[in-house]
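# Fold and geometry: a report
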Amino acid sequence: MKRGLRDRVRALRVTLWTLIIPPTLWAAHFLFSYLWAAVRCAKLGSFADSPAAFAIGTVLALVLIALAGILAHIQSRIPGDPPPHESGTDVDRVRFLAKATLLLSGLSFAGVVFTAMPVLFLQDCR
């Protein structure tokens with residue numbers, strides 16, 4: 001049974017949002033990491049000595065990026081869709097965006113991990 005136009009538009013909308021979320025979270029975490037490093041180096045507050053807030057922010061970013069990747073994986077394998085390239089372009093677009101989101105999720109996940117490492121192991125800056 002074919003899905004209606006409304007279902008396809010919803011799938012495309014979900015896939016577009018999952019495409020935008022991973023790099024946006026990586027960029028926000030990147031800014032958060034360097035702000036945290038600057039506060040810690042300048043000794044602007046006692047909260048910078050405890051890495052709990054930074055760890056919570058990092059874990060939250062990683063979980064949201066992983067969820068976007070999982071959602072994209074689900075979108076790329078919708079049961080009942082015809083095989084790739086044997087259907088209309090709308091199904092192929094959703095699959096392409098879902099695969100691009102999987103790639104962006106993996107790259108963003110690695111980016112968050114590598115951005116967090118220097119901040120976690122940062123010693124006294126002076």
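Predicted, not measured: the structure shown is a model, and the values here were computed from it.

### Here's the deal with the overall build of the protein
Broken down by element type, the protein carries three helices and zero strands. Buried residues in the protein amount to 31% of all 126 residues. A separation threshold of at least 6 residues defines the contact pool for the protein, and within that pool the share at least 24 residues apart is 77%. Counting every atom, the protein has about 8,200 Å² of accessible surface; 73% of that belongs to carbon and sulfur.

### With respect to the packing of aromatic side chains
Enumeration according to the criterion identifies five aromatic pairs in this entry. Aromatic side chains Phe32 and Trp36 sit 6.1 Å apart centroid to centroid with 50 degrees between the ring planes, which places their arrangement in the tilted category. Of the two residues, Phe32 and Trp36 are both situated in helix H1 (residues 5-42); the distance of four residues between them amounts to about one turn of the helix. The partly exposed category is assigned to Phe32, whose relative accessible area is 29%. In this structure Trp36 comes out as buried when scored by relative accessible area, which is 7%. Note on Phe32 and Phe54: the rings are 5.6 Å apart at their centroids and 15 degrees apart in plane angle, and the pair reads as stacked. Separated by 22 residues along the polypeptide, Phe32 in helix H1 and Phe54 in helix H2 (residues 52-76) bring together distant segments of the chain. These aromatic residues form a ring-pair network of at least three members: Trp26, Phe30 and Tyr34.

### Overview of a nonpolar patch on the surface
Judged by side-chain polarity, Val59, Leu60, Val63, Leu64, Leu67, Ile70, Leu71 and Ile74 come together as a nonpolar surface patch covering roughly 700 Å² of accessible area. Among the secondary structure elements, Ile70 is positioned in helix H2.

### Things to note about the side chain of Thr115
One can find Thr115 in helix H3 (residues 89-120). Under the relative-accessibility criterion, Thr115 is labelled buried at 9%. Polar contacts involving the side chain of Thr115 include one to the main-chain carbonyl oxygen of Gly111, which spans 2.6 Å.

### What to know about the side chain of Ser108
When you line up the elements, Ser108 lands in helix H3. A residue is classified by how much of its surface remains accessible, and Ser108, at 5% relative accessible area, is buried. Polar contacts involving the side chain of Ser108 include one to the main-chain carbonyl oxygen of Pro22, which spans 3.3 Å. Setting aside anything within four residues of it in sequence, one finds Ser108 in contact with Pro22, Pro23, Trp26 and Ile65.

### Quick word on the confidence of the model for the protein
Averaged over every residue, the pLDDT of the protein is 77; residues scoring 70 or more account for 71%. Across the protein, the secondary-structure element scoring lowest on mean pLDDT is H1, at 79, and the one scoring highest is H2, at 85.

### Details of the environment of His73
Inspection of the secondary structure assignment puts His73 in helix H2. Assessed through its relative accessible area of 36%, His73 is described here as partly exposed. For the pair formed by His73 and Arg95, sequence separation is 22 residues and the distance between their alpha carbons is 9.2 Å.

Each value, and the rule that gives it
Residues numbered from 1 in each chain as written. Predicted model: local features only at pLDDT ≥ 70, side-chain atom pairs only at ≥ 80, totals over all residues. Heavy atoms only, no water. Helix = DSSP H or I, 4+ residues; strand = E, 2+ residues; numbered from the N terminus. Buried < 20%, exposed > 50% of the residue type's maximum accessible area, 1.4 Å probe, protein only. Contact = heavy atoms within 4.5 Å. Areas by Shrake-Rupley, 256 points an atom, 1.4 Å probe, with all protein chains shown as cover. Phe/Tyr/Trp six-rings, centres within 6.5 Å; stacked < 30°, edge-to-face > 60°. Patch = residues over 30% accessible without salt bridge, like charges linked within 9 Å, V, L, I, M, F, W, Y side chains within 5 Å. Salt bridge = Lys/Arg side-chain N within 4 Å of Asp/Glu carboxyl O. Polar contact = N/O pair within 3.5 Å; in protein donor to acceptor, adjacent residues only side chain to side chain. pLDDT = per-residue confidence, 0-100.

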